Amino acid sequence: MTEKFNDATINRPEGERPLDAPIIRIDLHELIQQIKDEKAWKKNDRNAITVFKTAGMTIVLVALHEDASVNPHSIEGITSIQLLEGRLQILNSGEAMDVKEGQIITVKAKIDHTIIAIKKSIFLLTVAGNYGNGVDV
């Protein structure tokens, strides 16, 4: 198996973080602090970092400021949203589902939904399945 690493960017010049390898250790505490320290978090209503990406699965750590939302969208793969900090609301077909810390919500492929941060929130977004090029948050 070939190992894959992210490339350095203007926002993340240190680069060289593994995205795909036989075994990867992901330090969520370190990554949460990293995205909270970045200019994107201070300037915008959200910040995110892909922590794992391989054929059939992508895991993204997402931070949303209070009242930020991920507008109505659907994803080609099966999605899980694991709330680590804060409080979210998921809207689907006019129904609202509150999500508390420690809860996981699953969304089947191609189901329209909206994510709203009731409080400043950090969550792991996992998408699994044959879904093309990835996830936009």
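Data block above holds the structure.
Report follows, based on the coordinates.

Rules of the game
- Residues numbered from 1 in each chain as written.
- Predicted model: local features only at pLDDT ≥ 70, side-chain atom pairs only at ≥ 80, totals over all residues.
- Heavy atoms only, no water.
- Helix = DSSP H or I, 4+ residues; strand = E, 2+ residues; numbered from the N terminus.
- Buried < 20%, exposed > 50% of the residue type's maximum accessible area, 1.4 Å probe, protein only.
- Contact = heavy atoms within 4.5 Å.
- Pairing = 2+ DSSP bridges.
- Core = buried A, V, L, I, M, F, W, Y, C linked by side-chain atoms within 4.5 Å.
- Salt bridge = Lys/Arg side-chain N within 4 Å of Asp/Glu carboxyl O.

## Description of the overall build of the protein
Now for step 1: Scanning the protein from terminus to terminus reveals 2 helices and 9 strands.
Now for step 2: Reading the helices (α) and strands (β) of the protein from amino to carboxyl end gives β-β-α-α-β-β-β-β-β-β-β.
Now for step 3: The buried share of the protein, reckoned over its 137 residues, is 38%.
Now for step 4: Considering only intrachain contacts with a sequence separation of at least 6, the fraction spanning at least 24 residues in the protein is 62%.

## A word on the environment of L83
Now for step 1: Tracing the backbone shows L83 in strand β6 (residues 78-92).
Now for step 2: A residue is classified by how much of its surface remains accessible, and L83, at 1% relative accessible area, is buried.
Now for step 3: Considered as a pair, L83 and K100 are 17 residues apart in the sequence and their alpha carbons are 6.7 Å apart.
Now for step 4: Excluding residues within four positions of it along the chain, L83 makes contact with L88, V99, K100, E101, G102, Q103, S121, I122 and F123.

## Structural notes on the pairing of strand β9 (residues 113-128)
Now for step 1: As judged from the 8 bridges shared by strand β4 (residues 57-64) and β9, these two strands associate in the antiparallel manner. Looking across to β9, one finds that V62 is bridged to F123.
Now for step 2: Summarising the sheet, strand β5 (residues 69-73) and β9 pair through 3 bridges and their orientation is antiparallel. Bridge pairing in β9 places V70 opposite I115.
Now for step 3: Of the strand pairs in this sheet, β6 and β9 are connected by 12 bridges, and their pairing is antiparallel.

## Re the nonpolar core
Now for step 1: Grouped together as the largest cluster of nonpolar side chains are 18 residues, with contacts concentrated most on L64, I81, L88, I115, F123 and L125.
Now for step 2: Counting only elements with at least two residues in this core, the list comes to β4, β6, β8 (104-107) and β9.
Now for step 3: It is β9 that contributes the most residues to this core, 5 residues altogether.
Now for step 4: Among the nonpolar cores identified, the runner-up in size contains 12 residues, and L31, W41, F52 and A63 belong to it.

## Focus: the pattern of salt bridges
Now for step 1: On inspection of all chains with the given rule, the structure shows 4 salt bridges.
Now for step 2: Across the salt bridge formed by E76 and K110, the nearest N and O atoms sit 3.8 Å from each other. In this pair, E76 sits in the loop between β5 and β6 while K110 sits in the loop between β8 and β9, placing the two residues 34 residues apart along the sequence.
Now for step 3: Judged by relative accessible area, which is 57%, K110 ranks as exposed.
Now for step 4: Among the salt bridges present, the one from R87 reaches D98, with a minimum N-O distance of 4.0 Å. You can see R87 sitting in strand β6 and its partner D98 sitting in strand β7 (residues 95-100), a full 11 residues away along the chain.

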